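A structural walkthrough
Residues per chain, in single letters:
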Amino acid sequence: MAAPEETPVAAATTTPTPSPVHEASGIKSDSPMGLLLNDLGAIVAEAQHGEMWGVTLKDINDVPTTIVLEKFLRANDNNFDAARKQLVEALQWREKTNPIKLLEEMEFDSERFEGLGYVSVYEGAKGVEVVTWNIYGAAKNLKKTFGDVDDFVLWRSALMELSVKHLKLDQATEYIKQGGEDPYKMVQVHDYLNVSFLRMDPAVKASSKATITTLSMAYPELLSQKFFVNVPLVMGWVFAAMKLFLSPATVRRFHPLSYGSALAGELPEIGDKLPKEYGGKGADAKDGLTVKYAVTEKPSAPATTTEASEPAVKKDLAEQPAPAITTKASEPGEEKKEVTTDENSPPVATAEASGPAEVAKPTEK
């Protein structure tokens, strides 16, 4: 008797469980952001530091925390592993460097850094616009300013921290949607007027490259646009160096301008508020905010009094024989002049002895 045919059993089908979604933010638990938030406790423990740009890192319910993490993800093309690695590195750098303390307490050498950097805060159509000015042509001495790479990076980090402070990330109340606009960014302006010598100076090159490396690691996705104004052609190496450390998306935000006055046209929302040398009608960049500088007092010359030194001078002269006086016979008809001399007076140089006074000739144009 033939065995009855078995009825084929349909393969079991399973419906994938949708990933939980945070209602307020729209963040999925299995997304790179969700994974980074889930791993945040371990990240803070590994770095031994839990603050970033004035924001204490917490959880998905804290809007400022998600904005910080979003910036690290965007800087790494939404790659969880790469973003996590950079976040740990940046947290460790902040633990070691303490840029908030640098800004609040450090007094930098005015001879080396004063006049090189300012921060302006403007009211634009879309809200506050923070602009950081880097006036490298104000460097008084290249060796002093750029010679110590670590000191220059610390000064530049303090200036960056001042800019970030005015973005007020710690007060953010709206999540950045995935792929949405990030309003928490600043504009940077690097003015290279009168610094064509940078191509040849190794100290400037070393400090510039170290600054690019540090700031791109510790302050990702904080620039909306970066303008290089009054740029000479020989500065091409600066842009080449940046491409090595920054993502293509970031490099696309860089704009070299040959003339500073063209900047206002590039920033139409605040163009008229910019300084006059940048095409606007506003206050000078030097009227903006800056870091603290130590007041260096120049040593005063020792006080001298005529009364105290006069007797000694007279004594010395008294010990010397009086200078011989030669008189020239009067020409016929010439009135004889009476000359009175003081034997204690020093000899007076005559015009014949010293020659005519030299007058600086105006430079011919």
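Anything mentioned here points back to the structure above.
What comes next is a walk through the structure. Predicted model, so just to flag it, every value in this text is computed and none were measured. Within every chain, residues take consecutive numbers counted from 1 along the sequence as written. Per-residue local features are limited, in this predicted model, to residues with pLDDT of at least 70; the limit for side-chain atom pairs, both in listing and counting, is 80 or more; totals at the level of whole chains, interfaces and linings are taken over all residues. Remark: hydrogens and water are excluded; side-chain values derive from all non-hydrogen atoms of the structure.

**So, unusual backbone geometry**
Backbone geometry follows two general trends: most residues other than glycine have a negative phi, and most peptide bonds adopt the trans configuration. Here the phi dihedral of Asp-77 falls at roughly 50°; this positive angle occurs in a residue that is not glycine. Classification of Asp-77 as exposed rests on a relative accessible area of 66%. Phi at Lys-168 takes a positive value of approximately 55°, unusual for a residue other than glycine. Labels follow the DSSP assignment, with helices taken as runs of H or I lasting at least four residues and strands as runs of E lasting at least two, numbered in each case from the N terminus. Relative to the assigned elements, Lys-168 resides in the loop between helix H8 (149-165) and strand E6 (186-191). Summary of the burial criterion: residues with accessible area below 20% of their type's maximum are buried, those above 50% are exposed, and those between are partly exposed, where the area comes from a 1.4 Å probe applied to protein chains only.

**Remarks on the sheet that holds strand E7 (residues 223-229)**
Here we have five strands laid out as an open sheet, ordered E4-E5-E6-E7-E8, and mixed in their pairing. At either margin of the open sheet sits one strand with a lone partner, and together these are strand E4 (117-124) and strand E8 (254-257). For this sheet the average axis-to-axis angle between neighbouring strands, irrespective of direction, equals 20°. We call two strands paired when DSSP finds no fewer than two bridges between them. Relative to E6, strand E5 (residues 127-135) is paired through five bridges, and the arrangement is parallel. Bridging across to E6, Ile-135 finds its partner in Asp-191. Every axis in this analysis is a line fitted to C-alpha atoms, fitted for helices over the stretch in contact. Angles between the N-to-C directions lie between 0 and 180 degrees.

**Some thoughts on the pattern of salt bridges**
Throughout this description, the term salt bridge denotes a Lys or Arg side-chain nitrogen within 4 Å of a carboxyl oxygen of Asp or Glu. Under the criterion given, the structure shown has nine salt bridges. Between Glu-161 and Arg-94 there is a salt bridge, and its shortest N-O distance comes to 2.7 Å. One end of the pair, Glu-161, is in helix H8; the other, Arg-94, is in helix H4 (residues 80-97), with 67 residues separating them in the sequence. A relative accessible area of 4% places Glu-161 in the buried class. Given a relative accessible area of 1%, Arg-94 falls into the buried group. Between Glu-221 and Arg-253 there is a salt bridge, and its shortest N-O distance comes to 3.0 Å. Separated by 32 residues along the polypeptide, Glu-221 in the loop between helix H9 (202-218) and E7 and Arg-253 in the loop between helix H11 (248-251) and E8 bring together distant segments of the chain. Considered together, Glu-221 and Arg-253 belong to a single accessibility category, that of buried residues.

**Let's talk about the nonpolar core**
Judged by nonpolar contacts, the single largest core of 63 residues is most densely connected at Met-52, Trp-53, Trp-155, Leu-169, Tyr-219 and Leu-222. No other element matches the seven residues that H8 contributes to this core. Note on contacts: a residue pair is in contact if any heavy atoms of the two residues lie within 4.5 Å. Residues in contact with Met-52, not counting those within four places in the same chain, are Leu-57, Val-68, Phe-72, Leu-87, Ala-90, Leu-91, Arg-94 and Ala-218. We define a nonpolar core as any set of buried Ala, Val, Leu, Ile, Met, Phe, Trp, Tyr and Cys residues linked to one another through side-chain atoms lying within 4.5 Å. With 17 residues, the next largest nonpolar core counts Leu-257, Ala-264, Leu-267 and Leu-274 among its residues.

**Focus: the packing of aromatic side chains**
A pair of aromatic rings is counted whenever rings of Phe, Tyr or Trp (Trp by its six-membered ring) have centres within 6.5 Å, and the orientation is called stacked for planes under 30 degrees apart, edge-to-face for over 60 and tilted otherwise. For the coordinates displayed, the defined rule picks out 13 aromatic pairs. Between Phe-152 and Trp-155, the ring centres sit 5.6 Å apart and the planes meet at 45°, which makes this aromatic pair tilted. Of the two residues, Phe-152 and Trp-155 both sit in helix H8, three residues apart, roughly one turn of that helix. Exposure class is identical for Phe-152 and Trp-155. Each is buried.

That is the geometry; function is a separate question.
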